[in-house]
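# Observations on chain architecture
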Amino acid sequence: DRVRSSVTDVIPCDLSKDAVIPAELTLKPFDVMICSLVWDVVAVNAAQLEVVIRRCLAWLSPKGVLVVQGSLHEEWYTVGSALFPVLNIDKETLFSVFDKCGLKVEKWETRTKCSTHY
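Read on for a plain summary of the structure. Given the structure is predicted, the values throughout are model-derived calculations rather than measurements.

### So, the packing of aromatic side chains
Under the counting rule described, the total for this entry stands at 5 aromatic pairs. Ring geometry for W39 versus F98: centroids 6.3 Å apart, planes at 70°, classification edge-to-face. A residue pair is termed long-range when its members are at least 10 positions apart, and W39 in helix α2 (residues 39-42) and F98 in helix α4 (residues 91-100) qualify at 59 residues. A centroid spacing of 5.8 Å and a plane angle of 35° characterise the contact between F95 and F98, whose relative ring orientation is tilted. Placement of the pair is F95 and F98 together in helix α4, with a separation of 3 residues, close to one helical turn. Every member of this aromatic cluster is reached through a ring pair, and the members are W39, F95, F98 and W108. Of note, K91 hangs over the ring of F95, and the distance from its end group to the ring centre comes to 5.4 Å.

Conventions we followed
Residues numbered from 1 in each chain as written. Predicted model: local features only at pLDDT ≥ 70, side-chain atom pairs only at ≥ 80, totals over all residues. Heavy atoms only, no water. Phe/Tyr/Trp six-rings, centres within 6.5 Å; stacked < 30°, edge-to-face > 60°. Helix = DSSP H or I, 4+ residues; strand = E, 2+ residues; numbered from the N terminus. Lys NZ or Arg CZ within 6 Å of the ring centre and 35° of its normal.

The following block contains the structure:
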């Protein structure tokens, strides 16, 4: 209930564009952003990942928290029978991009093949 009452809105965004959030929405930077399986499907290389992260950071308040879930060492994901490219990155390269973007990793967890794509 505490989390449910803390969430005030879900905002549509498109990290593939410079204007991530529609201009008609006049919003302040966010205190918390959750990016789950987003960056690794929008960006397919480290340079694109840096752009995508910077687009997110433009909307994060200075003391905000970014929660990220993604995959390492993947090449494709599937939806039904359709196959889509995904960012194939290792931890060292990912952390290098984080460093370039001024991000500090507070907590890191790795799981091995705990699920399959649907």
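Next, the rest of the story.
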